[in-house]
Amino acid sequence: MTLDFGVRTISPQEHNNVYIQEAQNFEKKAYIPLAGDISIDEAIDGYKRFFKTPFKSGYKEYEDFVLICGLTRDKK
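Worth saying up front: this structure is predicted, and the values here are computed from it rather than measured.

Undergrad: Got a minute to help me understand the packing of aromatic side chains in this structure?
TA: By the definition in use, this model includes 3 aromatic pairs. Ring centres of Y31 and F50 lie 5.3 Å apart, and the angle between their planes is 90°; this geometry places the pair in the edge-to-face category. One end of the pair, Y31, is in the loop between α1 (15-29) and α2 (40-51); the other, F50, is in helix α2, and 19 residues separate them in sequence. For the pair Y31 and F50, a shared accessibility class is recorded, and that class is buried. On the numbers, 6.2 Å between centres and 40° between planes, the contact of Y47 with F51 is tilted. With a gap of 4 residues between them, Y47 and F51 both fall in helix α2, about one helical turn apart.

Undergrad: Looking at this structure, how should I read the packing of α2 against helix α3 (residues 59-72)?
TA: For any two helices packed against each other, one specifies the crossing angle of their axes together with the interaxial distance. Direction vectors running N to C along α2 and α3 enclose 165°, while the axes themselves pass 11 Å from each other. By the criterion of interaxial angle, the relationship of α2 to α3 is roughly antiparallel. Where α2 crosses over α3, the handedness of that crossing is left-handed. For the pair formed by α2 and α3, the contact residues are I40, I44, Y47, F50 and F51 on the first element and E61, Y62, D64, F65, I68 and T72 on the second. Among the residues making up the contact of α2 with α3, the classes are represented as 8 nonpolar, 1 polar and 2 charged.

Undergrad: Sorry, what's going on with α2 here?
TA: Side chains of residues three or four places apart in an α-helix project in the same direction, reflecting 3.6 residues per turn. Taking 1.5 Å as the rise per residue, α2 with 12 residues should run 16 Å; its terminal C-alpha atoms sit 17 Å apart, in good agreement. Taken residue by residue, α2 has A43, G46, Y47 and F50 as its buried positions. When α2 is viewed along its axis, its buried side chains cluster within an angular range of 95° and face the same direction. Looking at the buried side of α2, the elements it contacts are α3.

Undergrad: How should the side chain of E22 be read in this particular structure?
TA: With respect to the helices, strands and loops of the structure, E22 is situated in helix α1. In this structure E22 comes out as buried when scored by relative accessible area, which is 17%. Apart from residues no more than four positions distant in its own chain, E22 is found in contact with R8 and I10.

Undergrad: Got a minute to help me understand α1 in this structure?
TA: Helix length check: α1, at 15 residues, gives a terminal C-alpha distance of 20 Å against a target of 21 Å (1.5 Å per residue), a fit within 8%. Along its length, α1 shows its largest kink, about 25°, at Q21.

Criteria and cut-off values
- Residues numbered from 1 in each chain as written.
- Predicted model: local features only at pLDDT ≥ 70, side-chain atom pairs only at ≥ 80, totals over all residues.
- Heavy atoms only, no water.
- Phe/Tyr/Trp six-rings, centres within 6.5 Å; stacked < 30°, edge-to-face > 60°.
- Helix = DSSP H or I, 4+ residues; strand = E, 2+ residues; numbered from the N terminus.
- Buried < 20%, exposed > 50% of the residue type's maximum accessible area, 1.4 Å probe, protein only.
- Axes fitted to C-alpha atoms, helices over the stretch in contact; angles between N-to-C directions.
- Parallel < 35°, antiparallel > 145°, perpendicular 65-115°, else oblique.
- Left-handed = near helix turned anticlockwise from the far one by under 90°.
- Contact = heavy atoms within 4.5 Å.
- Nonpolar A, V, L, I, M, F, W, Y, C, P; charged D, E, K, R; others polar.
- Expected span 1.5 Å × (residues − 1).
- Arc of directions from axis to C-beta.
- Bend = angle between axes of the 7 residues up to and from the residue.

Spelled out as C-alpha cells, the structure:
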C-alpha cells in the first residue's frame, strides 16, 4: 500500500537517539494497522481517511484500490 503520512527522514547521525520515538510516531500516524492481520474493511477505512486530507492523494492510491479489488475478487 502506498499511503504516505508524512513521517520525517532520520539521518544516520541521529538514528540511535530518535528511532524508537519516530517508530512510535509512525505507528500513531498510520492509516492502517501495522501489526497483525488487516481486514479489507480496515484497509478501506484507512484509504477513506487518507483521501480526506487535501492535496495528499495521487493516482497511486487509486491504483491500490484496483489492486485490492483484484486480490479480493470483489469489485465493490
